[in-house]
Amino acid sequence: MDIIFLNGMAVETLVGVYDWERQHSQTLYLDLQVGIAANSQRNDDLSRTLSYADIAQIVRTEMAAQSFQLLESVGEHIAQVLLQQAGVLQVSIKVMKPGILPGVREVGIHITRTQTSGL
Ligand SMILES: Nc1nc2c(c(=O)[nH]1)N=C([C@H](O)[C@@H](O)CO)CN2
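Computed from a predicted model, the values in this text were never measured in an experiment.

Details of the confidence of the model for the protein chain
Model confidence for the protein chain is summarised by a mean pLDDT of 95, while 98% of its residues fall at 70 or above. Predicted as a complex, the structure gets a pTM of 0.95 and an ipTM equal to 0.96.

Okay, here's the thing in structure tokens:
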């Protein structure tokens, strides 16, 4: 399996458990690893892979449209949306919320989901 990764992606979204968090969108940071089938015949051709620009656009569109309480739900949703893209075998996603706990740079979750259909 080959991995396409996006690290430190900033996304704006309405997220959080408490009322004060749900008044305005917040910035979350994502580290994404998208697994696709290894293909030595890719021939230096973008159309034979998944563009990281397309992955970023899909994530931004989803984050603008959705609102979740938990970072776990954010991660699960993004993982499931990306797993619906052709050729995606696995998604690992780290979702980080900065500056929310005193003395802690960021808190967050890290999940990995694997394609089950077609196996
Ligand atoms: N495991 C989690 N714990 C907490 C979350 C979360 O998303 N996952 N969220 C919160 C609040 O929204 C917090 O960020 C605001 O203080 C608390 N714990």
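From this point, the discussion proceeds with the structure in view.
A word on the side chain of Ser92
If you trace the backbone, Ser92 turns up in strand S4 (residues 88–98). There is a polar contact of 2.7 Å between the side chain of Ser92 and the side chain of Thr112. Contact partners of Ser92, with chain neighbours within four places excluded, come to Asp31, Leu32, Gln33, His110, Ile111 and Thr112.

Description of the packing of helix H1 (residues 52–65) against helix H2 (residues 71–83)
In helix packing, the relevant descriptors are the interaxial angle and the interaxial distance, both defined with respect to the helix axes. For the pair H1 and H2, the least separation of the axes is 11 Å and the interaxial angle reads 135 degrees. Relative to H2, the element H1 lies oblique. Our pair here, H1 against H2, has a crossing hand that is right-handed. Contacts between H1 and H2 involve Ile55, Ile58, Val59, Glu62 and Met63 from the first element and Val74, His77, Ile78, Val81 and Leu82 from the second. Tallied by class, the residues present in the contact of H1 with H2 amount to eight nonpolar, one polar and one charged.

Remarks on the UniProt feature "domain: Dihydroneopterin aldolase/epimerase" (unreviewed entry) in the protein chain
Summarizing the sequence annotation, UniProt attributes the feature "domain: Dihydroneopterin aldolase/epimerase" (unreviewed entry) to residues 4–113 in the numbering used throughout. Along residues 4–113 one finds 25% helix and 40% strand; the C-alpha atoms at either end are 15 Å apart.

Analysis parameters
- Residues numbered from 1 in each chain as written.
- Predicted model: local features only at pLDDT ≥ 70, side-chain atom pairs only at ≥ 80, totals over all residues.
- Heavy atoms only, no water.
- pLDDT = per-residue confidence, 0-100.
- Helix = DSSP H or I, 4+ residues; strand = E, 2+ residues; numbered from the N terminus.
- Polar contact = N/O pair within 3.5 Å; in protein donor to acceptor, adjacent residues only side chain to side chain.
- Contact = heavy atoms within 4.5 Å.
- Axes fitted to C-alpha atoms, helices over the stretch in contact; angles between N-to-C directions.
- Parallel < 35°, antiparallel > 145°, perpendicular 65-115°, else oblique.
- Left-handed = near helix turned anticlockwise from the far one by under 90°.
- Nonpolar A, V, L, I, M, F, W, Y, C, P; charged D, E, K, R; others polar.
- UniProt positions renumbered as here; feature names shortened; annotations may be inferred.

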